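The chain contents come next:
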Amino acid sequence: MASITIRNLDDEVKELLRRLAAENDRSMEEQARVMIRAAVNGQVGPVGRLDQIEKALHKLATSQGTPTPASALAGKSLPRGTLSNKRILLIIGGGIAAYKALDLIRRLRERGAAVRVVMTSAAQEFVTTLSVGALSADHVFIDLFDRNDEHDVGHIRLSREADLLVVAPATADLMAKLANGHASDLASTVLIATDKPVLMAPAMNPRMWSHPATRRNRASLGKDGITFVGPAKGEMAESNEAGEGRMAEPLEIVAAVEALLDAGPRPLAGRKIIVTSGPTHEPIDPVRYIANRSSGKQGHAIAAALARLGADVRLVSGPVTIADPAGVKTLHVERAQEMRDAVEQLLPADAAVFVAAVADWRTENSAGEKIKKVVGEGPPVLRMVENPDILAGVGHHKHRPGLVVGFAAETQDLLRNAEAKLTKKGADLIVANDVSHQSGIGPSGVMGGDRNRVRIVSKAGVEEWPEMTKDEVAARLAALIAERLKTIVV
Ligand code: CTP
């Protein structure tokens, strides 16, 4: 039987076809076949214009007793965004994190991407093809040997008719299969047959993640050009388990997808930018340390936003539980002195953004052994010494970057303190934020929360930004940095 490929279908028609296919649990090809057959048999009028197609879809849908996606869609504009016209093939592996893949599909589609899904048989133990199909509005592919699927699409087309393959959750098994070239089911076959970039979001038990076999597979997949996002540290879904292995959050995966696919303007291409983020931990003894509530969310989001604009970003991060941002070279440090050394070694750079909540003091001598309670001696007295001010060091450095941006976390006198820091630390811009409980930002406040309200303080004056998510603050700050750097020649 002859097969045909239809190119250049209008987005609206494609979307309608996709929705109807999902409603009827058919592939898009199968759905198109049913409609063409119906048209040829005179069941519907000539299929030439969108409204006629909509009518045809309506008729077909109602004749099968299903709701009418065509009429439901009529007059509504389709989602547009950073991923419009991008096609993502999402491979869902079998792990508890598979439930997050549902949100990931929604987030990708919200941004305009078409999402087609392959599920492993283990994945179907965690989420159903019905939910996945409803969210992706497409047929869900599960079987390498399904005659209909192979006839309609085939694993080679499935793997190549996408702009990007995303594996989420990427289990130890899927990683091992690809690292070793196996093609034993649809997911692994599609992965090995593709000529498109692959992004993996690993999720597994911390012991599985740290096993030498997984480390080996991770390293060889990296060498093969596979990009990774996460995993993050933290509580696992299994009770009493914590460590590195938690899948990156859907929005982090979306950011990684955008970074890999974004063909938009890259005004920061060729610019090297250093970012510090997270808290520092200053040891008291081998088991205790001084820390603060910084989560690293704002700093990491800024690093990711700068990378999306094309910058070569070097992130120096204190201890955090969130994943390293995609497309960014991340160095992990614990103490302020280590953070200072890492930053200075990265100089020269075009710009540096100091978001880290660096501990101002450390203990003069951290004890080599755990400090014990001694009856009658009372609590130990900790002698503190000042930590190096990393921002001030760079602000007055002989290799000072052309643009130096600092943050001012204040609980009182926000603007006066921010202005003082601008001069004292040799910064060009200070992003001032109120970290007090009166900031009015969510129950968790700015530190650790997802929202922020900042003011940009420079010699030119103060610019007030409305409250927004930390990702939005990051995107706006990255755009401002790009604008400022335009006037700075290297
Ligand atoms: N900073 C730094 N090194 C330090 C302390 C702060 O690089 N040892 C940077 C922060 O990353 C931030 C800016 O300096 O960009 C201001 O940090 P903040 O904690 O608000 O101010 P401090 O300098 O610590 O002063 P204070 O705690 O007295 O407000």
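Keep in mind the model is a prediction, meaning the values are calculated, not measured. (Residues numbered from 1 in each chain as written. Predicted model: local features only at pLDDT ≥ 70, side-chain atom pairs only at ≥ 80, totals over all residues.)

Trainee: Can you explain the site of the ligand? Please cite residues and give values.
Mentor: Near the ligand, the surroundings consist of 16 residues, among which Phe-354, Val-358, Ile-390, Leu-391 and Gly-406 are the closest. Put simply, the parts of the chain that give the shell around the ligand at least two residues each are α16 (390–395) and β17 (403–410). Ranked by residue count, the leading element in the shell around the ligand is β17, at four residues. The class makeup of the residues in the shell around the ligand is 10 nonpolar, three polar and three charged. (Near = placed C-beta within 6 Å. Helix = DSSP H or I, 4+ residues; strand = E, 2+ residues; numbered from the N terminus. Nonpolar A, V, L, I, M, F, W, Y, C, P; charged D, E, K, R; others polar.)

Trainee: Pulling in residues and values, what's your account of the sheet that holds strand β2 (residues 114–119)?
Mentor: Strand order in the open sheet formed by six strands is β3-β2-β1-β4-β5-β6, and the pairing between neighbours is parallel. A single partner strand is all that each edge strand has here, and the edge strands are β3 (140–141) and β6 (227–228). In this structure, β2 lies alongside β3, joined through two bridges in parallel fashion. Within β3, the position partnered with Val-118 by the bridge is Phe-141. (Pairing = 2+ DSSP bridges.)

Trainee: Could you give an account of the packing of helix α5 (residues 98–110) against helix α6 (residues 129–136), naming the residues involved and the relevant values?
Mentor: Relative orientation of the contacting elements α5 and α6 amounts to 15°, with a least axis distance of 9 Å. Accordingly, the angle class assigned to the pair α5 and α6 is roughly parallel. With respect to the hand of their crossing, α5 and α6 are arranged in right-handed fashion. Here Leu-102, Ile-105 and Arg-106 of α5 lie close against α6, whose contacting residues are Ser-131, Val-132, Leu-135 and Ser-136. The class makeup of the residues in the contact of α5 with α6 is four nonpolar, two polar and one charged. (Axes fitted to C-alpha atoms, helices over the stretch in contact; angles between N-to-C directions. Parallel < 35°, antiparallel > 145°, perpendicular 65-115°, else oblique. Left-handed = near helix turned anticlockwise from the far one by under 90°. Contact = placed C-beta atoms within 7 Å.)

Trainee: I'd like a description of the nonpolar core, backed by residues and values.
Mentor: Counting residues in hydrophobic clusters, the biggest one holds 120 residues, and the most contacted among them are Leu-90, Ala-168, Ile-302 and Leu-306. Two domains each donate at least three residues to this core, and these are domain 1 (87–261) and domain 2 (272–486). Leu-306 has contacts with Leu-268, Ile-273, Val-275, Ala-311, Val-313, Ala-478 and Ile-481, leaving out every residue within four places of it along the chain. Counting seven residues, the second-largest nonpolar core is a separate cluster that includes Leu-17, Leu-20, Ala-21 and Ala-22. (Core = buried A, V, L, I, M, F, W, Y, C linked by C-beta atoms within 7 Å. Buried ≥ 20, exposed ≤ 12 C-beta atoms within 10 Å, placed from the backbone. Domains from an automatic or database assignment.)

Trainee: A description of α5 should follow, citing residues and the corresponding values.
Mentor: The terminal C-alpha atoms of α5, which comprises 13 residues, lie 19 Å apart, in line with the 18 Å expected from a rise of 1.5 Å per residue. Within α5 the residues assigned to the buried category are Ala-98, Lys-100, Ala-101, Leu-104, Ile-105 and Leu-108. One side of α5 holds all its buried residues, which, seen down the axis, span an arc of 155°. The first or second residue beyond α5 is Gly-112, which carries a positive phi of 100°. (Expected span 1.5 Å × (residues − 1). Arc of directions from axis to C-beta.)

Trainee: Summarise the environment of Ile-390; cite the residues concerned and give the values.
Mentor: Tracing the sequence through the fold places Ile-390 in helix α16. Between the alpha carbons of Ile-390 and Ala-356 there is a distance of 9.7 Å; along the sequence they are 34 residues apart. Leaving out residues up to four positions away in the same chain, Ile-390 has contacts with Thr-276, Met-339, Arg-340, Val-343, Phe-354 and Val-358.

Trainee: Quick rundown of unusual backbone geometry? Include the residues and the values.
Mentor: Between Ala-168 and Pro-169 the backbone carries a cis peptide bond, its omega angle lying at -5°. With respect to the element layout, Pro-169 can be found in strand β4 (residues 164–170). Residue Pro-348 is bonded to the preceding Leu-347 through a cis peptide linkage, with omega at 0°. Mapped onto the elements of the fold, Pro-348 is located in the loop between α15 (336–346) and β14 (351–354). Phi is positive for Ala-137, close to 55°, though the residue is something other than glycine. Structurally, Ala-137 can be placed in the loop between α6 and β3. A positive phi angle, close to 45°, is found at Asp-413, a residue other than glycine. When you line up the elements, Asp-413 lands in the loop between β17 and α17 (414–425).

Trainee: So what's going on with the sheet that holds strand β13 (residues 329–332)? Residues and values would help.
Mentor: Ordered by their spatial adjacency, eight strands build an open sheet running β13-β12-β9-β14-β17-β18-β20-β21, and the pairing between neighbours is mixed. One side of each edge strand has no neighbouring strand; the edge strands of this open sheet are β13 and β21 (461–464). Each strand axis lies, on average, 20° off the axis of its neighbour in the sheet, ignoring direction. Alignment of strand β18 (residues 429–434) against strand β20 (residues 454–458), held across four bridges, turns out to be antiparallel. Among the inter-strand pairings, Val-431 is bridged to a residue of β20, identified as Ile-456. Across the sheet, α17 touches β17, β18, β20 and β21, and the angle it forms with β17 is around 145°. Most of the contacts of helix α18 (residues 470–486) go to β17, to which it runs at about 145°, and overall it touches β14, β17, β18 and β20.

Read these as geometric descriptors, not functional statements.
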